[in-house]
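A look at the structure
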Amino acid sequence: MDEEYDAIVLGTGLKECILSGMLSVSGKKVLHIDRNKYYGGESASITPLEELFTKYGLPVPSSDYGRGRDWNVDLIPKFLMANGQLVKLLIHTGVTRYLEFKSVEGSYVYKGGKIAKVPVDEKEALASNLMGMFEKRRFKNFLVYVQDFREDDPKTWKDMDPKTTHMEDVYNKFGLDKDTCDFTGHALALYRDDAYLQHPAMETIRRIKLYSDSLAHYGKSPYLYPLYGLGELPQGFARLSAIYGGTYMLDKPIDELVLEKGKIIGVRSGTEIAKCKQVYCDPSYVAERVKKMGQVIRCICLLDHPIPNTKDVLSCQIIIPQKQVARNSDIYISLVSYTHHVAAKDYFIAMVSTTVETDNPEREIKPGLDLLGPIKQKFVSVSDLFDPIDDGLESQVFISKSYDATSHFETTCLDVLDIFRRGTGEDFDFSKVKHDLRDEQE
């Protein structure tokens with residue numbers, strides 16, 4: 001470890017692996033270290049199934065569950081938006097050549113105790129059971145407005161300046177009721193709370209367009225999921241980093257970050273010090289540099305049936321908007337199955353997650369668990385959420401945020417791109433990404 005590196009990355013969680021790949025592709029000399037023997041950190045995929053039971057202190061399961069090695073269970077499952085930033089990063093960096101994706105079959109939203117498909121075009125809006133007849137027409141007009149909207153063409157703005165008009169005022173202009181605004185903001189634009197209503201409309205319109213553009217790619221839902229689980233993603237970015245000269249060390253303890261006058265100069269493991277100009281890491285490596293922002297509860301559920309009332313789809317996302325269950329944050333449900341090579345034949349894995357708001361987190365996810373039907377086995381965990389206490393510019397130590405409760409990768413990508421911007425002084429240039437995933441896989 002005598003040589004000096006442009007950057008040392010600590011931890012092989014997905015965010016760190018993406019950053020390692022991006023930095024390597026950008027020409028940086030990168031050393032990537034993890035104290036664990038496996039890739040993925042807290043976002044790892046667990047295989048075989050017996051290991052998952054052991055991790056949660058449960059007796060090893062019977063042979064009911066098929067072969068243990070047929071299971072790959074994500075600890076923090078998330079879906080990729082087909083036209084979203086993570087897919088663009090995967091394409092730009094070439095990681096898609098190591099992965100195969102399958103589209104997620106449905107996207108649902110909860111209203112009044114029932115779930116319904118999220119309507120994303122005029123035809124679906126008119127057929128949706130989320131709204132009455134007159135509301136359907138108003139919502140259809142809103143969707144047409146969003147689809148015709150062009151940021152560079154004020155004629156498409158309908159006399160509203162999206163840079164100054166609040167999103168709430170846009171909803172009001174179309175006469176949308178509160179429930180319609182609720183599923184639009186939370187299930188289409190994927191906001192986690194209602195603060196966006198008082199912000200300029202441009203960002204929300206972009207998010208809804210991203211959802212419908214992603215849907216246009218694959219038809220059933222805007223989401224994708226990698227075969228064999230999310231554990232494939234960190235390893236894909238690790239391979240990429242290695243191709244561009246990155247060095248990897250697993251099972252290597254980290255004893256301290258070495259600073260001089262408040263600035264990082266190296267990382268110590270035992271008696272060895274690797275010199276570097278920057279460090280990128282997850283919060284677990286720098287407890288003194290992060291602050292606790294709250295907690296998230298996640299419940300992994302093994303099922304032997306699809307989720308009821310979803311037309312027996314083999315994969316889906318369900319969002320329970322906060323107001324529907326008198327909460328301050330949404331509840332997220334994701335479902336994957338044996339068709340993704342993450343479970344034995346005829347088995348399903350559901351995850352219910354939310355941001356903790358009370359001293360009884362399990363009761364908080366009950367509305368989500370109640371939608372699943374009979375559950376064969378549950379694995380419940382409550383994790384602390386950490387944010388870095390500063391931007392890292394002075395120390396050159398750049399820290400990622402903990403993974404939130406969302407069932408998609410959009411917030412993960414925003415964090416990665418923000419860290420990349422702080423660390424390199426420039427935005428990642430998405431204009432370099434000239435094609436999409438379908439081009440890659442043809």
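For the protein, an unreviewed UniProt entry supplies the name Rab GDP dissociation inhibitor and the organism Strigamia maritima. Listed under Function (unreviewed entry) in UniProt, the entry text for the protein is "Regulates the GDP/GTP exchange reaction of most RAB proteins by inhibiting the dissociation of GDP from them, and the subsequent binding of GTP."

**Focus on helix α1 (residues 14–25)**
A rise of 1.5 Å per residue sets the reference length of α1, with its 12 residues, at 16 Å; its end C-alpha atoms lie 16 Å apart and thus fit the reference within 8%. Of all the 12 residues making up α1, 11 are buried; the element is thus mostly covered by neighbouring parts of the structure. Buried within α1 we find L14, K15, E16, C17, I18, L19, S20, G21, M22, L23 and S24. Once α1 ends, the next one or two residues include G27, with phi positive near 95°.

**With respect to the sheet that holds strand β15 (residues 316–320)**
Across the sheet, which stays open at both edges, the seven strands sit in the order β8-β7-β15-β16-β17-β14-β18 with mixed pairing between neighbours. Edge positions in the sheet fall to β8 (114–117) and β18 (377–388), since each of these pairs with one other strand and no more. When the angles between neighbouring strand axes are averaged without regard to direction, this sheet yields 25°.

**A few points about the packing of α1 against helix α3 (residues 85–93)**
A pair of packed helices can be characterised by two numbers: the angle between their axes and the separation between those axes. At their nearest, the axes of α1 and α3 sit 11 Å apart, and the two run at 40° to each other. By the angle class used here, α1 and α3 are oblique. Along this stretch, α1 crosses α3, giving a crossing that reads as left-handed. Touching L14, I18, M22 and V25 of α1 are L86, L89, H92 and T93, all from α3. Split into classes, the residues belonging to the contact of α1 with α3 amount to six nonpolar, two polar and no charged.

**Notes on the nonpolar core**
Of all hydrophobic cores here, the largest spans 98 residues; its most connected members are W71, L86 and F142. In terms of residue count, α1 provides more of this core than any other element does, six residues in total. Counting 25 residues, the second-largest nonpolar core is a separate cluster that includes I307, L335, Y338 and V352.

**Some details on helix α5 (residues 133–148)**
End to end, α5 covers 23 Å across 16 residues, agreeing with the expected 22 Å (1.5 Å per residue, within 8%). For α5, the set of buried residues is E135, K136, F139, F142, L143, Y145 and V146. Residues of α5 that are buried in the fold lie against α4 (122–127), α6 (167–173), α7 (178–188) and α8 (202–218).

**Comments concerning the environment of K114**
Inspection of the secondary structure puts K114 in strand β8. Judged by its relative accessible area of 62%, K114 is exposed.

**Notes on the sheet that holds strand β9 (residues 223–226)**
What the three strands build is an open sheet, ordered β5-β9-β6; its pairing is antiparallel. The open sheet is flanked by β5 (80–81) and β6 (101–103), the only strands paired with a single partner.

**Structural notes on empty space enclosed by the protein**
With a probe scaled to a water molecule rolled over the atoms, the places where space remains empty come into view. Considering all chains together, one arrives at five cavities of 30 Å³ or more under this definition. In this model, the largest cavity occupies a volume close to 70 Å³. Along its surface, the largest cavity is lined by N72, V73, D74, P77, Y225, I300, S334, L335, V336, I349, A350 and M351. Contributions of two or more residues to the lining of the largest cavity are made by β4 (73–74), β16 (331–337) and β17 (348–355). Looking at the lining of the largest cavity, its residues break down into nine nonpolar, two polar and one charged. When its volume is computed, the second largest cavity comes out at roughly 50 Å³. Around the second largest cavity, the lining residues are L14, S43, I76, K78, L230, P234, Y403 and F409. By residue class, the composition of the lining of the second largest cavity is six nonpolar, one polar and one charged.

The rules behind these values
- Residues numbered from 1 in each chain as written.
- Predicted model: local features only at pLDDT ≥ 70, side-chain atom pairs only at ≥ 80, totals over all residues.
- Heavy atoms only, no water.
- UniProt positions renumbered as here; feature names shortened; annotations may be inferred.
- Helix = DSSP H or I, 4+ residues; strand = E, 2+ residues; numbered from the N terminus.
- Expected span 1.5 Å × (residues − 1).
- Buried < 20%, exposed > 50% of the residue type's maximum accessible area, 1.4 Å probe, protein only.
- Pairing = 2+ DSSP bridges.
- Axes fitted to C-alpha atoms, helices over the stretch in contact; angles between N-to-C directions.
- Parallel < 35°, antiparallel > 145°, perpendicular 65-115°, else oblique.
- Left-handed = near helix turned anticlockwise from the far one by under 90°.
- Contact = heavy atoms within 4.5 Å.
- Nonpolar A, V, L, I, M, F, W, Y, C, P; charged D, E, K, R; others polar.
- Core = buried A, V, L, I, M, F, W, Y, C linked by side-chain atoms within 4.5 Å.
- 1 Å grid on protein atoms, 1.4 Å probe; cavity = no way out; pocket = protein on both sides within 12 Å on 5 of 7 lines; lining within 4 Å.
- Points joined across faces, edges and corners; volume = space filled by probe spheres on them.

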